[in-house]
Structures are given as C-alpha cells and as structure tokens.
Amino acid sequence: MSTVESSSSAVQQPPSSTLPLLGDNQHSALASTSSSTASASSSSSGGGVVGVPLDTQNSGEPPAKKQLLDPNAASSSSPGGGGGLSSAAAASGTHEKLAYRISTALCCAVCLDLPKTAMYQCQMGHLMCAACFTHLLADGRLRDQIATCPNCRVEISKSTASRNLAVEKAASELPSECQFCNKEFPYKSLERHEQHECQERPTKCKYHRIGCQWRGPFHETTEHERNCLHPQKSGYEVMAALEAHDVMIKEEKKMFNTLIDLLSYEKIIFNDLQMKPYRTDEYVHKLFYETARFSAFNQQWVVKARINNSQRDPHQSNERTITYQLILKTKTSTPMSIHFFALKGPFSDMKVSTQIYKHDFTETSTESDYYVLPLPDGTGGTGSSECNRMLANKGINFRLLMFLLNK
Ligand SMILES: [Zn+2]
Ligand SMILES: [Zn+2]
Ligand SMILES: [Zn+2]
Ligand SMILES: [Zn+2]
C-alpha cells in the first residue's frame, strides 16, 4: 500500500506509470525521484511505448467527426451550448473586473483554466497547470519527441520547468462563488464554506436513516427536525428504511472486497488523464468528452464521456449525469479482461466515488459500455450539481486505474 500512497502525493511523477505493487523497486524509486532526475526517468518510464506514433488531439489532424471546442465560445454560444458551460470568471460583474483581469493573467496558457493545483512555468515564464504540464510531457514521451512549451517552443521537462508558488497562492486568494448562496469567497476557503458554513447548503434531516426524505437548506433544518414525524414512528414502520440502509452498506462492502481482490492482480496500471470537450458533426451537435490516447498493458486506449447519455436536449433537463467508456484503440489477438474505474487523481477536485466496472476486450469488442461516473449527491440528489461543476471546467481531470486479469 505504501507505494501507492507515495506515488499519489508526488506531483513530480510522470502521468502514466505502471504500478507494480509490492516487490518491485522500480516504482518506489520513481515516486521518490528528485526533480533533477525525474526528466531522465520520465523519458524512459513510459511502459515500452516510446516511438509509437500517435494522433493526439493536441496536434496533428483532429480525429474526424469532431472539433475541439473553443472554451470561450462554449460559454457564450447558446443553442447547442449545453446550458451549464458558463465559468465563474465569465459571470463576474463589473465591480469584479480587477479580479477577472488578474485571473486571466494567472490562468494556464494551455487550458485557460485557473489552477487549483500546482502551477508550472517554462523557462520563459509561460504558465501551465499541473494537468496540462504532465499531459505535454506524456505526449512528448509517447511520440518520442522532446516536450515543448506551446507558447514559445522552448524545451520543457521536470528539470527545466519550475513551480510558480506566487501564482498558486494568488489564485487561491481570488474570489470564487459559493454554489449555494452565490456569495464570493477566496477559493482556498470555498470548500470549507460550502461544506460546513453556508446557511444555504443542502442538508438532510437527522432522521433520514429512519426514512425521512426531507432535504432543505441548512437554516431550515432545526425547524424541520423539531416538527419531524419520523421519531414518533414505530419500529415496524421504520424497518423498511433500515433495510434499504443495510443493502447500501452491503453493496459498499462488496465493492471494497472486490477492490482488495483487484489490488492483488499482477498487472495494474494507472494514468492521470484529461478529457476535453468536443462536439459531434451531426445536425444537432452533441457534446462529448475525450482523452488523448494513452498506453496501458502495451496497448493504446482512449476514454470517452457523454452527458445524460447524449439525450437530445441535455440543457433542458435539470438532472445531469456523466457516463464514460473505455475504448481499446489498438488490435489485440488475445482477449483482455479489464477492470477499471475513475478516481479523482492528483490534478482534480472532482468528488467522485468508487464504482468498479469490467469489460472483456477482444478483437471484435473494443468498446466498453457507457458507465456512470458516480458523482456525489447534489441538491437534486443525482450528482447534478457536481456534474455541472465539472462541465464548467475546461477539461475533466481524473485518474484511471486499470487491472488486467491474467488467464
Ligand atoms: Zn492547464
Ligand atoms: Zn514558454
Ligand atoms: Zn454559501
Ligand atoms: Zn425529518
């Protein structure tokens, strides 16, 4: 377990790494490499895929049938615009012009997002967020080319690029809007406010375990609980609620047991990925997300995601879900039984819970089904608010864990 923990906290670590568990020194050495040697190891640790030509979305021709969305156009265009694509920055009023101008100056030069994690800069001072930086390094490694700054083409590596703590600190002071009360707080204290302090934050009745369905803003909770009828119900009446609760706990236990089993597999790989928004070429454009190609188990893969399973008008619905699928891009002659799941990873603030999926990849079956990306209950109880928060970002960062069963 300790190798897993140490690797997850190391921002210095290359984005796509084989994760041999216990007994393999290579990975622990990798996780503890200092920044001066990391570039050397990152160019050789790509899992045997050096030299494979790739058509990633960042360069070369874009895959047919889609176009990369201009993030600015996405928030202003309306008819097919997916409704929730407005960013906090765009919504800022006139009195926040300074904050807006500062955030424009501090944003990542690649994805134009304001960093919520580490911020790097090239030797000429161009800023790149941690997710974009590792993405560029991975792209370079996969193409067997030196990674360069998209702005000035100077070479970038773990040893030539540096963190920019001033930008990170300044960004964490910029105002962000609370999603419940719409007041502004410095980004660094927003999470505490939304979870513990906001009077408007959605709250459950304390008797929800015995079946009370009430949900409401925090400031109405005391009043509701004083009048709640559930404490007066008989044991017989609350049994159904308790049983439903037990089923949930059982499911959770099963998931954790599966996870422990998977962790003893011989072949485990994780990749830190970024999905970018695209639109289909159809008459009614549909929004979807896709990662660049990445390598795992000597094959090339892609993750695709869509909103509300590409229903016709997702912006007309309040409920929002993200589903994703894993696609095998290279030919395999031997069937591969893959368990996989997405988790938050080091460059993301997505609140995703764990749900493990499985697909048997064969020559003829190269795409898994679309599976739910389980986001936590929002106000609507379906993960919609967290989903909207993800859609407002210019990319979705996550870590994909994959387990290959040896037959
Ligand atoms: Zn970025
Ligand atoms: Zn540069
Ligand atoms: Zn609030
Ligand atoms: Zn109640």
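Residues numbered from 1 in each chain as written. Chains lettered and ligands numbered in written order. Predicted model: local features only at pLDDT ≥ 70, side-chain atom pairs only at ≥ 80, totals over all residues.

Peer 1: An account of the overall build of the chain is needed here, citing residue identities and associated values.
Peer 2: For the chain, the count of helices and strands is 11 helices and 18 strands. A total of 407 residues make up the chain; the buried ones form 31% of that total. In the chain, the proportion of contacts linking residues at least 24 apart, taken out of those at least 6 apart, comes to 58%. (Helix = DSSP H or I, 4+ residues; strand = E, 2+ residues; numbered from the N terminus. Buried ≥ 20, exposed ≤ 12 C-beta atoms within 10 Å, placed from the backbone. Contact = placed C-beta atoms within 7 Å.)

Peer 1: Got a sec to walk through the environment of Asp-272? Specific residues and values, please.
Peer 2: Assignment of secondary structure puts Asp-272 in strand E10 (residues 267-280). According to the C-beta neighbour criterion, Asp-272 is buried, with 24 such atoms within 10 Å. Measuring from C-alpha to C-alpha, the distance between Asp-272 and Phe-347 comes to 8.1 Å, with 75 residues separating the pair along the chain.

Peer 1: An account of the sheet that holds strand E5 (residues 162-163) is needed here, citing residue identities and associated values.
Peer 2: Sheet strands pair via backbone hydrogen bonds, and the direction of the pair is either parallel or antiparallel. What the 3 strands build is an open sheet, ordered E4-E3-E5; its pairing is antiparallel. The open sheet has two edge strands, strand E4 (127-129) and E5, and neither has a second partner. In terms of strand pairing, strand E3 (residues 119-121) meets E5 through 2 bridges, oriented antiparallel. Each residue of the ladder has a partner; that of Tyr-120, found in E5, is Arg-163. (Pairing = 2+ DSSP bridges.)

Peer 1: I'd like to hear about the UniProt feature "zinc finger region: TRAF-type" (unreviewed entry) in the chain, residue by residue, with values.
Peer 2: As recorded in UniProt, the feature "zinc finger region: TRAF-type" (unreviewed entry) lies at residues 174-212. In the segment residues 174-212, helix accounts for 28% and strand for 23%; the C-alpha atoms at its two ends are 39 Å apart. (UniProt positions renumbered as here; feature names shortened; annotations may be inferred.)

Peer 1: Go over the confidence of the model for the chain, please, and point to the residues and values.
Peer 2: When pLDDT is averaged along the chain, the result is 76; 73% of the residues meet or exceed 70. Every residue in residues 1-92 scores below 50 in pLDDT, and together they form 143 contacts with partners more than four places removed in sequence or on other chains. (pLDDT = per-residue confidence, 0-100.)

Peer 1: Describe the pairing of E10, and please don't skip the residues or the numbers.
Peer 2: If a strand is regular, its side chains alternate between the two faces of the sheet. Within E10, 11 of the 14 residues are buried, which leaves the element mostly enclosed by the surrounding structure. In the sheet, E10 pairs with strand E18 (residues 396-405) via 8 bridges, with the strands oriented antiparallel. If you follow Asn-271 over to E18, its bridge partner there is Leu-400. Bridge count for E10 against strand E11 (residues 287-291) is 5 bridges, and the pairing is antiparallel. Directly across from Pro-277, in E11, lies its bridge partner Tyr-289. Hairpin geometry of E10 and E11 is characterised by an intervening segment of 6 residues between the two adjacent antiparallel strands.

Peer 1: Got a sec to walk through the nonpolar core? Specific residues and values, please.
Peer 2: Among the nonpolar cores identified, the biggest contains 38 residues, and Val-303, Ile-322, Leu-400 and Met-402 are the most heavily contacted of them. Going through the elements one at a time, E10, E11, strand E12 (294-296), strand E13 (299-307), strand E14 (322-328), strand E15 (336-343), helix H11 (384-392) and E18 are the ones with two or more residues in this core. The element that contributes the greatest number of residues to this core is E18, accounting for 6 residues. When residues no more than four places from it in sequence are discounted, the contact partners of Ile-322 are Ala-305, Ile-307, Leu-373, Leu-375, Cys-387 and Met-390. (Core = buried A, V, L, I, M, F, W, Y, C linked by C-beta atoms within 7 Å.)

Peer 1: Summarise the pairing of E13; cite the residues concerned and give the values.
Peer 2: Alignment of E11 against E13, held across 3 bridges, turns out to be antiparallel. Bridge assignment links Glu-290 to a residue of E13, and that residue is Lys-304. In this structure, E12 lies alongside E13, joined through 3 bridges in antiparallel fashion. Bridged to Ala-296 within E13 is Gln-299. Here E12 hands over to E13 after 2 residues, with Phe-297 in that stretch at a positive phi of 50°.

Peer 1: So what about helix H6 (residues 130-143)? Which residues, and what values?
Peer 2: Here H6 contains 14 residues, and its C-alpha end-to-end distance of 20 Å stays within 8% of the 20 Å for a straight helix at 1.5 Å per residue. Extensive coverage of H6 is indicated by the burial of 12 of its 14 residues. Ala-130, Ala-131, Cys-132, Phe-133, Thr-134, His-135, Leu-136, Leu-137, Ala-138, Asp-139, Arg-141 and Leu-142 are the residues of H6 that are buried. At the exit of H6 stands Asp-144, carrying a positive phi of roughly 60°. (Expected span 1.5 Å × (residues − 1).)

Peer 1: Outline the environment of Thr-332, listing residues and values.
Peer 2: Along the chain, the position of Thr-332 falls in the loop between E14 and E15. For Thr-332, a count of 14 C-beta atoms within 10 Å puts it in the partly exposed group. For Thr-332 and Phe-361, which are 29 residues apart along the polypeptide, the C-alpha to C-alpha distance reads 8.3 Å. In contact with Thr-332, not counting residues within four places along its chain, are Gln-299, Phe-361 and Glu-363.

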